[in-house]
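Here are the chains, one letter per residue:
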Amino acid sequence: MELYLGIDASTQGVKCVVIDLRSGKITAESSVNFGTDLPQYNSPNGFLPHPDALVRHADPMMWVDGLELALERLRSTGVDMAEIKGISGTGQQHGSVYLADEFPVYTDDTPLSSQLKPILSRPTSPIWMDRSTNAVCRELDERFGDLLIERTGSPAVERFTGPQIRKFFLTEPEAYRRTRRIHLVSSFMASVLCGKDAPIDYGDGAGMNLLDLHTLQWHEEIAEFTAPGLPEKLPSPVSGTHIAGGLAEYFAKFGMTPGTPVAVWSGDNPGSLVGIGCFAPGVAGISLGTSDTLFAPMQKFHTDPEHCGHVFGNPAGGFMSLICFSNGSLAREKIREKHHLDWEFFDETSLKESVPGNNGKLMLPYFEAESTPPVLEPKVVCNYETATAAEEVRAILESQMLSMRLHSLWLGEEIRTLRLTGGGSRSAAIRQIAADVFGAEVETIQVTNSAGLGSAMRAANAVADVPLEELAKTFCAGTPAASPRREYTALYEEQLKRYRELEQSVQNTN
Ligand code: XUL
């Protein structure tokens, strides 16, 4: 046995994946859902209720409790925890954790959350769904203009960490001053495992509006403007193969070996890129989760002229593109709930009872504020007055896919193969619509949790130096899941135009 553990700390829960390099198999998995397993945190969808819909915070101690429970559940699968040779992980991107003090020496008799809570300088963490920083973003744009995009790969973005930190500095200067360290979710969770501050990898660090992608250092001027003294409060940026530290003694209670190397964690999207084996040109990944994301390795650094897409560090080296659609599975759920549909209807019947192209019926499903295109106020816009349940399901699924196609055109590369991951990739309907809308072959991989799998692969790469491409051949070979039906190509080209017009009409009224 040669076991490596990957942990994904996502918006809605914590998941573990263990791979065995000897057998070439995924040997154990576990998961925790914050809503159902940790109801005491009052965060059924991973964030706390707030009167202002633009504010989305979570209690970072919920993530720590989720980690402990996921490890306990992993142990109860019977996997030999002591045999784990390396660990890495991913976190939901952009969220930040604020610490006043150093990590304490853990004691065995109390949960980690009660030992860590006292070191927070800010009791809750803004997460990627927070959109309350619009004014700060305009200030950053005004101050730095195109420089921000050229150096950090993105314009000022509401959910990105830099604007969130500036808002904290402006609104709570005293708490900011007391803050010794500001972590991303990923670097915080790695720190919890090591019992000391862990660095930030280039993949996740690029989602902060602070990392200079050309020097791979924090951009001093941008960081100082964001908040005085910020560079000293940030962990150092490092490559994805960096070992953050050894596993703290505390984790022996789960049967793990103290001192086991913990490779630096990354963001869930860079982790998924690895976990779906997305290395070749022409192959892109789509992760269908709380948010839907489209990503691909980037051959040459270039940015989105429409300012929706981003450039992040690729854990396999170089860069990757990332386009985030905030209204992912929660929006699909809203339609399912509205018509009281079971999964089977949503996934099969709806497609049989409607036609490709949906007779032109489209929906902009902004149940939450949207990142791509930027829409701050939730609003749902349909270009029809009446629709059957089946048509409405098709309207959301086709529109979401058309949006992904439209907003990925700037990548400038033909997408020949799409690898789908995340909960939504289980849906045959979504897979076929993806194939038809993109005119691309659609493949799935063995697990739906590609971020966790990618983390386990990154752990093996960083600790045992096994090349990622080799690991991908073993653990994430694609399974053909849908082919494009050429008879619908022209129809979807038409729909793409119609979709673009609908989106623009809403943008103009924003
Ligand atoms: C990416 C983004 C989301 C989060 C959620 O920019 O905001 O995909 O990483 O997982």
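All of the points below concern the structure found in this document. (Residues numbered from 1 in each chain as written. Predicted model: local features only at pLDDT ≥ 70, side-chain atom pairs only at ≥ 80, totals over all residues. Heavy atoms only, no water.)

### So, the site of the ligand
Turning to step 1, where the next piece is worked out: The full set of residues close to the ligand is Q93, H94, W128, R159, D268, N269, S291, T293, L322 and C324.
Turning to step 2, where the next piece is worked out: In this structure, H94 approaches the ligand through a side-chain N or O atom, which is 2.6 Å from an oxygen atom.
Turning to step 3, where the next piece is worked out: D268 is positioned with one of its side-chain polar atoms (N or O) 2.3 Å from an oxygen atom of the ligand.
Turning to step 4, where the next piece is worked out: Secondary structure elements with two or more residues in the shell around the ligand: α12 (268-275) and β19 (319-325). (Near = heavy atom within 4 Å. Polar contact = N/O pair within 3.5 Å; in protein donor to acceptor, adjacent residues only side chain to side chain. Helix = DSSP H or I, 4+ residues; strand = E, 2+ residues; numbered from the N terminus.)

### Here we look at the side chain of R180
Turning to step 1, where the next piece is worked out: Structurally, the position occupied by R180 is in the loop between α7 (173-178) and β8 (181-184).
Turning to step 2, where the next piece is worked out: A polar side-chain atom of R180 sits 3.0 Å from the main-chain carbonyl oxygen of D101.
Turning to step 3, where the next piece is worked out: Dropping the residues within four chain positions of it, R180 is found in contact with L99, A100, D101, E102, F103, D197, E232 and K233. (Contact = heavy atoms within 4.5 Å.)

### Side note on empty space enclosed by the protein
In this approach the atoms are scanned with a rolling probe the size of a water molecule, which exposes any empty space left behind.
Turning to step 1, where the next piece is worked out: Counted under the stated rule, the structure contains three cavities of 30 Å³ or more.
Turning to step 2, where the next piece is worked out: Space inside the largest cavity adds up to approximately 100 Å³.
Turning to step 3, where the next piece is worked out: Lining the largest cavity are D292, F325, N327, P365, Y366, E370, T372, S399, Q400, S403, M404 and Y499.
Turning to step 4, where the next piece is worked out: Taken together, the elements giving at least two residues each to the lining of the largest cavity come down to β20 (363-366) and α15 (389-406).
Turning to step 5, where the next piece is worked out: Looking at the lining of the largest cavity element by element, the count peaks at four residues for α15. (1 Å grid on protein atoms, 1.4 Å probe; cavity = no way out; pocket = protein on both sides within 12 Å on 5 of 7 lines; lining within 4 Å. Points joined across faces, edges and corners; volume = space filled by probe spheres on them.)

### Quick notes on the pattern of salt bridges
Turning to step 1, where the next piece is worked out: Applying the stated criterion across every chain, the model contains 24 salt bridges.
Turning to step 2, where the next piece is worked out: Where E391 meets K361, a salt bridge forms, and the shortest distance between an N and an O atom there is 3.1 Å. With E391 in helix α15 and K361 in the loop between α14 (343-352) and β20, this pair connects stretches of sequence that are 30 residues apart. As far as burial versus exposure is concerned, E391 and K361 are alike and both buried.
Turning to step 3, where the next piece is worked out: E494 is the partner of K497 in a salt bridge, and the nearest nitrogen-oxygen pair spans 3.3 Å. Taken together, the residues span about one helical turn, with K497 and E494 both in helix α19 (residues 489-508) at a distance of three residues.
Turning to step 4, where the next piece is worked out: Through salt bridges with shared partners, one network takes in E102, R180, R181 and D197. (Salt bridge = Lys/Arg side-chain N within 4 Å of Asp/Glu carboxyl O. Buried < 20%, exposed > 50% of the residue type's maximum accessible area, 1.4 Å probe, protein only.)

### Structural notes on the packing of helix α2 (residues 60-75) against helix α8 (residues 185-194)
Turning to step 1, where the next piece is worked out: At a minimum axis distance of 11 Å, the contact between α2 and α8 shows a crossing angle of 50 degrees. Taken together, the axis directions place α2 and α8 in an arrangement best described as oblique. Of the two possible hands of crossing, α2 and α8 adopt the one that is right-handed. In contact with P60, M61, W63, V64 and L67 of α2, α8 contributes V185, F188, M189, V192 and L193.
Turning to step 2, where the next piece is worked out: Partitioning the contact of α2 with α8 into residue classes produces 10 nonpolar, no polar and no charged. (Axes fitted to C-alpha atoms, helices over the stretch in contact; angles between N-to-C directions. Parallel < 35°, antiparallel > 145°, perpendicular 65-115°, else oblique. Left-handed = near helix turned anticlockwise from the far one by under 90°. Nonpolar A, V, L, I, M, F, W, Y, C, P; charged D, E, K, R; others polar.)

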